[in-house]
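Summary of structural features
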Amino acid sequence: MDLFSDEKQHFNLPNAELIYISNFLSTKEASLYFETIKKNTKWQHDDITVFGKTYKQPRLTALFGESNQPYCYSNIVMHPKPFTSTLRTIKTKVEAESKTNFNTLLINLYRDGNDSNGWHADNETELGKNPVIASLSLGEPRPFHFKHRKIKSERHKLILEHGSLLIMKGEMQHFWLHQIAKTKKKINPRINLTFRTLTKS
């Protein structure tokens, strides 16, 4: 099945709008942002509880926002820090491309192949009915797996390149799950900036 319908790589999927731009940032620009964010971000390492067992989340995170509104997922409550000038510059670029205004940014640092993000949907109530999620990848390319909740044949994989932008829209968070899986390969760190819009609680 050919998932792409034009040069910007619009995926032809049921119950979803998915756009991938592999060269959203130049390699030089993406590398500069990667080093700046990795060095200057105060990362947190939260506990996560799954099926009654608590362990350290397999990645580091940080939350930034335009207000003090917290963001909650997987029984974790995060409180935002103000956007830095670097993050605000990136946000402006992403907003122009996605034609969406974002007020919150969740950043994930995958330190190596042991860091991951299991099957999930970004469907928290405070994101609204059909949220737009814009995901910027910096550093080591990682496979992005996504599958339809009901149509078993709709299961795909996309390599998220250094400096690429992935935009998830429409009903995708209702009908699809996605993940960044673990790998035994020795790989370098990856930073993932996920822009989103929190509605008033």
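Relevant structure appears above.
This section reports on the structure supplied with the text. (Residues numbered from 1 in each chain as written. Predicted model: local features only at pLDDT ≥ 70, side-chain atom pairs only at ≥ 80, totals over all residues. Heavy atoms only, no water.)

1. Some remarks on the side chain of glutamate 124
Assignment of secondary structure puts glutamate 124 in the loop between β9 (117-120) and β10 (133-139). For glutamate 124, which is buried and forms no salt bridge, the nearest opposite charge comes from arginine 196, at a distance of 4.8 Å. There is a polar contact of 2.7 Å between the side chain of glutamate 124 and the side chain of tyrosine 71. Not counting residues up to four positions away in its chain, the partners in contact with glutamate 124 are Tyr71, Cys72 and Tyr73. (Helix = DSSP H or I, 4+ residues; strand = E, 2+ residues; numbered from the N terminus. Buried < 20%, exposed > 50% of the residue type's maximum accessible area, 1.4 Å probe, protein only. Lys, Arg positive; Asp, Glu negative; His and termini not counted. Salt bridge = Lys/Arg side-chain N within 4 Å of Asp/Glu carboxyl O. Polar contact = N/O pair within 3.5 Å; in protein donor to acceptor, adjacent residues only side chain to side chain. Contact = heavy atoms within 4.5 Å.)

2. Overview of the packing of aromatic side chains
A complete count under the given rule lists four aromatic pairs for this structure. Where phenylalanine 11 meets phenylalanine 146, the ring centres are 5.6 Å apart and the plane angle is 65°; that geometry is what we call edge-to-face. Residue phenylalanine 11 is found in strand β1 (residues 10-11), and its partner phenylalanine 146 is found in strand β11 (residues 142-148); the two are separated by 135 residues along the sequence. Phenylalanine 11 gets classed as buried once you look at its relative accessible area, which sits at 7%. Ring plane angle 45° and centroid distance 5.9 Å describe the contact between phenylalanine 146 and tryptophan 176, whose orientation is recorded as tilted. Within this pair, whereas phenylalanine 146 is found in strand β11, its partner tryptophan 176 is found in strand β14 (residues 176-180), the two being separated by 30 residues in sequence. Here phenylalanine 146 matches tryptophan 176 in class, with each residue buried. Here the aromatic cluster, defined as three or more aromatic residues joined through ring pairs, consists of Phe11, Phe144, Phe146 and Trp176. (Phe/Tyr/Trp six-rings, centres within 6.5 Å; stacked < 30°, edge-to-face > 60°.)

3. With respect to the environment of histidine 162
Mapping histidine 162 onto the fold places it in the loop between β12 (155-160) and β13 (164-169). Using a relative accessible area of 23% as the deciding quantity, one classes histidine 162 as partly exposed. Placed 52 residues apart in sequence, histidine 162 and tyrosine 110 show a C-alpha to C-alpha distance of 13 Å. Within the local environment of histidine 162, its side chain forms a polar contact with the backbone nitrogen of glycine 139, the two atoms lying 2.8 Å apart.

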